[in-house]
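Listed below are the residues making up each chain.
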Amino acid sequence: QPGAKWELPKSEPFVTRSLYFFSGKKLKVGSDRVFNDPITLEVDPSVDIPLENTSSEPVRILMLQGRPIPEPVAQRGWVVMNTAQEVMQAFRDYQAGKFGRWPYERDDPAFPRSHPRYARFADGHEEYPDKAQV
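In what follows, the accompanying structure is described. (Residues numbered from 1 in each chain as written. Predicted model: local features only at pLDDT ≥ 70, side-chain atom pairs only at ≥ 80, totals over all residues. Heavy atoms only, no water.)

## What about the overall build of the chain?
The criterion, for reference: Helical segments are the DSSP runs of H or I of at least four residues, strand segments are the runs of E of at least two, and each set is numbered from the N terminus. For the exposure calls, accessible area comes from a 1.4 Å probe over protein chains only, and a residue counts as buried if that area is under 20% of its type's maximum, exposed if over 50%, partly exposed in between. Contacts are assigned to residue pairs with any non-hydrogen atoms lying within 4.5 Å of each other. Using the Shrake-Rupley algorithm and a 1.4 Å probe, accessible areas are obtained, with residue cover drawn only from the displayed protein chains.
Across its full length, the chain holds one helix and eleven strands. Listing each helix as α and each strand as β along the chain from the N terminus yields β-β-β-β-β-β-β-β-β-α-β-β. Here the chain holds 134 residues, and the buried ones make up 20% of them. Long-range pairs, those at least 24 residues apart, make up 52% of the contacts in the chain between residues at least 6 apart in sequence. Here the chain displays about 10,600 Å² of accessible surface, and carbon together with sulfur accounts for 53% of that area.

Structure representation (structure tokens):
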């Protein structure tokens, strides 16, 4: 809400923590960093981080946090494995149909164009681009 203040409490120092400011006009992070546009920030998990909405509109923030994976990571497109060889094997398996087959008559796994895109939130409300909340 406009003028809202909140403190993100510190966490375990070995986690990775990101804040994604994706909606609103102004977000103050810490004592001196003010952001006017959407941004992703890597933040220090070992300290409390004050957050303040310094605008007259609501802001929305997504916080992501997790422990680093102590393994090598190889990625190509949507396939993420530990080695490049495993990635290539996953592509071969996919092309051979080993990931299962699409059981529907049509190949499009999306809504028809007549159905708008939307996001459903944990509280059950839905948001549609360029439309009011439902």
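## A look at the nonpolar core
The line we're drawing: To qualify as a nonpolar core, a set must consist of buried Ala, Val, Leu, Ile, Met, Phe, Trp, Tyr and Cys residues joined through side-chain atoms within 4.5 Å.
Membership of the largest hydrophobic core is limited to eleven residues, which are Leu-8, Leu-19, Phe-21, Leu-27, Val-29, Phe-35, Leu-41, Val-43, Ile-49, Leu-51 and Val-59. Look past the residues within four positions of Leu-51 in its chain and what remains in contact with it is Ala-4, Lys-5, Trp-6, Leu-8, Leu-19, Leu-27, Lys-28, Val-29 and Ile-61.

## Brief notes about the packing of aromatic side chains
Selection rule: Centres within 6.5 Å are what make two rings of Phe, Tyr or Trp a pair, Trp counting through its six-membered ring; a difference in plane orientation under 30 degrees is then read as stacked, over 60 as edge-to-face, and the rest as tilted. Two thresholds decide whether a charge sits over a ring: the Lys NZ or Arg CZ must be within 6 Å of the ring centre and within 35 degrees of the ring normal.
By the definition in use, this model includes three aromatic pairs. Judged by centre distance (5.7 Å) and plane angle (65°), the rings of Trp-78 and Phe-91 are edge-to-face. A residue pair is termed long-range when its members are at least 10 positions apart, and Trp-78 in the loop between strand 8 (74-76) and strand 9 (79-81) and Phe-91 in helix 1 (residues 84-95) qualify at 13 residues. Taken together, the ring pairs in this structure connect Trp-78, Phe-91 and Tyr-94 into an aromatic cluster. The ring of Phe-91 carries the charged tip of Arg-76 above its face, separated from the ring centre by 6.0 Å.

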